[in-house]
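So the chains spell out like this:
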Amino acid sequence: MTGTGLRSAALSSAGILLPVALSVAVNQVLNAGVWSRPWIVVTVVLAFAGWYVTRLITRVSTSAAGDLTQVKGRLAGLVVDFWNTEIAKRSLGDPPIPIPWHLTQRTKLMDHPHLITEGELSFTGRSDDIAELATRFRRLPRRRLVITGGAGTGKTTLAVQLLVQLIDTREPAEPVPMLVPVADWDTELYPRLHDWIAERLRNDYLAPKMPEQGRDAAEILASGGHILAILDGLDELPELARAKVITQLGRTLAPRDQVIITSRTGEYSDALVNARRAVRAAAVIAPKALIPDVVGDYLATCLPPHPPQPWSTLLRALRTGATPALAAVSSTALGLWLIRTVYIDQDRDPTPLFTVYRDDVPALRAHLMDNLIEALLIAHRLSGTTRRKIPRTWDAGRIRRWLVQLATYAAERGTPDFAWWQINQPRQGGLRVPPQWVVSLAVVLVYALPVAAAAALAGSPILGLVAGFGFAFGKSIDTPEPPELRRLQIWRRLATTLRENSGRIAPVFLTMCLPLAVGVTAIQGVGAGIFSAVASTLTLWVGLALQEKSPSKDSGQAPEDRLPQFTNALTPLSTWKINRSLVGLQLMGALVFGAVLAISSDWVISYFPGPRDIWSDIGLGLIVGCSAGLIQQSQHVWLTSRITFIFLAVSGDLPVRTMRFFDEMHQLGLLRAVGPFYQLRHAELHDHFTAVADRNQLPSSGVAL
């Protein structure tokens, strides 16, 4: 067994044995070692709760301290691992599309040439020779670059290729490239680029906070010029917001800060006009259209050495200019990838490309996008290398409908991003999710029924129903908030809470715990009173720790040569699992709370109505315990999303297994993950799906498991 395995086994054993040992000791003192049924039940509950908590702890990687070079190396490894996986999913290589790049001819988009480079201002290369482009980027004194171009020209692809190449050839002193969607930058909330990048480091790569220090690892890296920010999709912001981003970059970028920006050319030009300045010392490049000869050579490379006759005819027609629509569509990276995916990878007859769609560019582009889902599904089911197969009920028609709904939802929010916790509003028209009050009612039932059941055990079902429905309705109308994204870090939460809430615990102890201890002492004796005081205080402490949202920062300076390591990259699926784990943690906390209260009620039984037996005691404890566990906001968001997904499935807007659907579409290459958010793979694909919705071409669909 490895050291990690031994440590996990030791923690699990301790989590079970310590509560049992404590229960045995207390039982020996209070009951002379005679075991009653209530005491046995409480001991089992405490043992199970201890095991579950230690199991959660062992699943959380502890942050080891390291110097700045080690921390940057660890972060670089996480970033490059994530994007290498994305490159494979997006089929960006083997072979890469040879997009030629050159310095823009629109000189108004750039700063003074002598600020960009010391010698002759030039920047040329091809995306199939990314090493040369990375070398040219490194030759820029400030290393600032803006990648412009039209829709589907490969701007983001080039940024990802540069990111991976720069990390693969990175020197220890160089910054770590990190791609983030600039549309998420709220310049009002984070006026400085460094503050926003630090927050993305915390969220996307779980940069460990250092509440005992004045600055955390993310802040040190972002403010110290150790991060190369790749700001993707400036054109996805509203017009005025684009100008604010350019303005804030000019105000906050230090001479040592490196940056890469991607944007459509027109939107970038408008942003500079509104901001009245160019990005300081940034070279601006643009793609050249792929000429038919280059396209023909690329397609020939993807085909067998001796292609079938229809392909030979197509290549000849392409080179001679006899297929104007095909030449236009294949002049961009997206169009060429669609042709390869839909026709070459599926071994389809390409005759329609130079007959049916010979002269109609929009029809050819729509035809390729309409057949993309089916092509990717076939490739997925034939690959035999995937970890699991997409359910047969998820056919191309249903997947297309679900993706159209997601694209429409994102468009209505004015952003290409969507997250699982944001899909909480019903759609309008036709067979759709019931009104929001139905979802709220379901949340109320989930909250109230356990409390009512516990109250029934205690002999007070009416009181339980009233209390349960009361606080459940209050929680159901809360404004949804982003869920908990931090790691569990149970011990740190407990320690932080003890330090930060000691002032709050003292008066609560004097007003609640101490009177309870006095009452128990008067009825059961000094030993029972002391145990009641300790148990109620510890329960209060743990309850506060589980509700903590974000630790505050103390004064002091964090040493920049010793920082906690990063743990792992954050993904949409991991945020879902984090919050699902928090549900279990909160419920286990509720059981512990209820168990302690059950013991206390044995000593002050005269104060509570109902039958005096084991179920009465446990039921009374669970009333308060379940309430404390279920009222957590993070669980409320997760629970609301889970119930909403069920109603969305009933209406046909999404499948029942929604998170699996998101993950499968990501594996398929139709969705891309950016931190905890999803996007359609291409903006042009997003526009295509929203146009389908506008034309009311959604195929009918029922519930799919």
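Residues numbered from 1 in each chain as written. Predicted model: local features only at pLDDT ≥ 70, side-chain atom pairs only at ≥ 80, totals over all residues. Heavy atoms only, no water.

1. Thoughts on the overall build of the chain
Here's step 1: Along its length, the chain carries 28 helices and 11 strands.
Here's step 2: A buried classification covers 54% of the 705 residues belonging to the chain.
Here's step 3: Sequence-distant contacts, at least 24 apart, represent 79% of the contacts inside the chain between residues at least 6 apart.
Here's step 4: Accessible surface computed for the chain: about 30300 Å², of which carbon and sulfur atoms make up 60%. (Helix = DSSP H or I, 4+ residues; strand = E, 2+ residues; numbered from the N terminus. Buried < 20%, exposed > 50% of the residue type's maximum accessible area, 1.4 Å probe, protein only. Contact = heavy atoms within 4.5 Å. Areas by Shrake-Rupley, 256 points an atom, 1.4 Å probe, with all protein chains shown as cover.)

2. Notes on helix 9 (residues 239-252)
Note: α-helices contain 3.6 residues per turn, so residues at a spacing of three or four share the same orientation.
Here's step 1: Between its terminal C-alpha atoms helix 9 stretches 20 Å, which fits the 20 Å expected from 14 residues at 1.5 Å a residue.
Here's step 2: As for helix 9, its buried residues are in contact with helix 7 (193-204), strand 6 (227-232), strand 7 (259-264) and helix 10 (265-275). (Expected span 1.5 Å × (residues − 1).)

3. Regarding the sheet that holds strand 2 (residues 100-103)
Here's step 1: On the basis of which strands lie adjacent, the open sheet formed by 7 strands has the order 3-2-8-4-7-6-5 and mixed pairing. The sheet terminates laterally at strand 3 (125-126) and strand 5 (176-181), the two strands that pair on one side only.
Here's step 2: Pairing of strand 6 with strand 7, which is carried by 3 bridges, proceeds in the parallel orientation. By the bridge assignment for strand 7, L231 is matched with I261.
Here's step 3: This element, helix 7, spans strand 5 and strand 6 of the sheet and lies at about 90° to strand 5. (Pairing = 2+ DSSP bridges. Axes fitted to C-alpha atoms, helices over the stretch in contact; angles between N-to-C directions.)

4. As for the nonpolar core
When a protein is soluble and globular, its nonpolar side chains tend to lie buried together.
Here's step 1: Within the largest apolar cluster, 142 residues are counted, with the highest numbers of intra-cluster contacts made by L231, L299, I399, L403, F661, F662 and L670.
Here's step 2: When residues no more than four places from it in sequence are discounted, the contact partners of L670 are L372, I373, L376, I399, L403, M665, Q679, L680, R681 and L685. (Core = buried A, V, L, I, M, F, W, Y, C linked by side-chain atoms within 4.5 Å.)

5. Regarding the environment of G224
Here's step 1: Mapped onto the elements, G224 comes out in the loop between helix 8 (217-223) and strand 6.
Here's step 2: A residue is classified by how much of its surface remains accessible, and G224, at 18% relative accessible area, is buried.
Here's step 3: Once the C-alpha coordinates of G224 and H194 are considered, the two residues, 30 residues apart in sequence, prove to be 8.9 Å apart.
Here's step 4: The contacts of G224, once residues within four sequence positions are left out, are E219 and R256.

6. Concerning the pattern of salt bridges
Here's step 1: For the structure on display, the rule yields 18 salt bridges.
Here's step 2: R138 is paired through a salt bridge with E174; the nearest N and O atoms lie 3.1 Å apart. Taken together, the residues R138 in helix 5 (residues 130-139) and E174 in the loop between helix 6 (155-168) and strand 5 connect sequence positions 36 residues apart.
Here's step 3: For E174, a relative accessible area of 13% gives the class buried.
Here's step 4: Of the charged contacts, one joins R400 and D370 as a salt bridge, the two residues approaching to 3.8 Å between their closest N and O atoms. (Salt bridge = Lys/Arg side-chain N within 4 Å of Asp/Glu carboxyl O.)

7. Details of unusual backbone geometry
Here's step 1: With a phi angle near 60°, R276 is a residue other than glycine that sits in the positive phi range.
Here's step 2: Looking at the element boundaries, R276 is found in the loop between helix 10 and strand 8 (283-287).
Here's step 3: The class of R276 is exposed, set by a relative accessible area of 78%.
Here's step 4: Here the phi dihedral of D347 falls at roughly 55°; this positive angle occurs in a residue that is not glycine.
Here's step 5: With respect to the helices, strands and loops of the structure, D347 is situated in the loop between helix 14 (333-344) and helix 15 (351-354).

8. Points about helix 7
Here's step 1: If you check helix 7, its first and last C-alpha atoms are 16 Å apart, about what 12 residues at 1.5 Å a residue would give, namely 16 Å.
Here's step 2: Looking only at helix 7, the buried set comprises L193, H194, W196, I197, A198, R200, L201, R202 and D204.

9. With respect to the packing of aromatic side chains
Here's step 1: Within the structure shown, the criterion is met by 13 aromatic pairs.
Here's step 2: With a centroid separation of 5.1 Å and an interplanar angle of 90°, the aromatic rings of F82 and W83 are classed as edge-to-face. Considered together, F82 and W83 belong to a single accessibility category, that of buried residues.
Here's step 3: Centroid distance W576 to F645: 6.0 Å. Interplanar angle 25°. Geometry classified as stacked. Placement of W576 in helix 24 (residues 572-603) and of F645 in helix 26 (residues 633-651) is noted, with a sequence separation of 69 residues between them. (Phe/Tyr/Trp six-rings, centres within 6.5 Å; stacked < 30°, edge-to-face > 60°.)

10. Observations concerning the packing of helix 5 against helix 6
Here's step 1: Remark: helix 5 packs on helix 6, axes separated minimally by 9 Å, with the N-to-C direction vectors making an angle of 80°. Between helix 5 and helix 6, the angle falls in the class roughly perpendicular. Contact residues: I130, A131, L133, A134, F137 and R138 in helix 5; L158, Q161, L162, Q165 and L166 in helix 6.
Here's step 2: The class makeup of the residues in the contact of helix 5 with helix 6 is 8 nonpolar, 2 polar and 1 charged. (Parallel < 35°, antiparallel > 145°, perpendicular 65-115°, else oblique. Nonpolar A, V, L, I, M, F, W, Y, C, P; charged D, E, K, R; others polar.)

11. Focus: the side chain of D235
Here's step 1: Within the element layout of this structure, D235 appears in the loop between strand 6 and helix 9.
Here's step 2: Given a relative accessible area of 16%, D235 falls into the buried group.
Here's step 3: Here the side chain of D235 touches R264 through a polar contact of 3.1 Å, landing on its backbone nitrogen.
Here's step 4: What D235 contacts, discounting residues up to four positions off in sequence, is R242, T262, S263, R264 and E267. (Polar contact = N/O pair within 3.5 Å; in protein donor to acceptor, adjacent residues only side chain to side chain.)

12. Let's talk about the environment of M369
Here's step 1: Secondary-structure assignment places M369 in helix 16 (residues 361-370).
Here's step 2: A residue is classified by how much of its surface remains accessible, and M369, at 4% relative accessible area, is buried.
Here's step 3: C-alpha separation for the pair M369 and G335, spaced 34 residues apart in sequence, amounts to 9.5 Å.
Here's step 4: Setting aside residues up to four positions removed in sequence, M369 forms contacts with L334, L338, E684, L685 and H688.

13. Considerations on the pairing of strand 11 (residues 677-680)
The two faces of the sheet receive side chains in turn, since in a regular strand these alternate between them.
Here's step 1: Residue alternation in strand 11 divides its side chains into two sets, F677 and Q679 and Y678 and L680, and both sets are buried.
Here's step 2: As paired elements, strand 10 (residues 671-674) and strand 11 share 4 bridges and run antiparallel to each other. Bridge pairing links R672 to Q679 in strand 11.
Here's step 3: A loop of 2 residues connects strand 10 with strand 11, the two strands running antiparallel in sequence, and G675 in this loop sits at a positive phi of about 65°.

14. A short note on the pairing of strand 2
Here's step 1: Note that strand 2 and strand 3 share 2 bridges and pair antiparallel. Bridge pairing in strand 3 places W101 opposite G125.
Here's step 2: The sheet contact formed by strand 2 and strand 8 spans 3 bridges and is antiparallel. Bridging across to strand 8, L103 finds its partner in I285.

15. Here's the deal with the packing of helix 18 (residues 396-413) against helix 27 (residues 658-668)
Here's step 1: With their axes 12 Å apart at the nearest point, helix 18 and helix 27 run at an angle of 100° to one another. Taken together, the axis directions place helix 18 and helix 27 in an arrangement best described as roughly perpendicular. Contacts between helix 18 and helix 27 involve I399, W402, L403 and L406 on the former and, on the latter, F661, F662 and M665.
Here's step 2: Tallied by class, residues from the contact of helix 18 with helix 27 come to 7 nonpolar, no polar and no charged.

16. Focus on the confidence of the model for the chain
Do not read the predicted coordinates in detail wherever pLDDT is low.
Here's step 1: Mean pLDDT over the chain stands at 75; residues scoring 70 or higher make up 59%.
Here's step 2: Across residues 60-65, where pLDDT falls below 50, the model places 17 contacts with residues more than four positions away in sequence or in other chains.
Here's step 3: Within the model, the stretch residues 428-435 combines pLDDT values under 50 with 16 contacts to residues more than four positions away or in other chains. (pLDDT = per-residue confidence, 0-100.)

17. Examining the environment of T107
Here's step 1: Its location among the elements puts T107 in the loop between strand 2 and helix 4 (113-116).
Here's step 2: The class of T107 is exposed, set by a relative accessible area of 60%.
Here's step 3: When the C-alpha positions of T107 and V284 are compared, they lie 8.8 Å apart, and in sequence the two are 177 residues distant.

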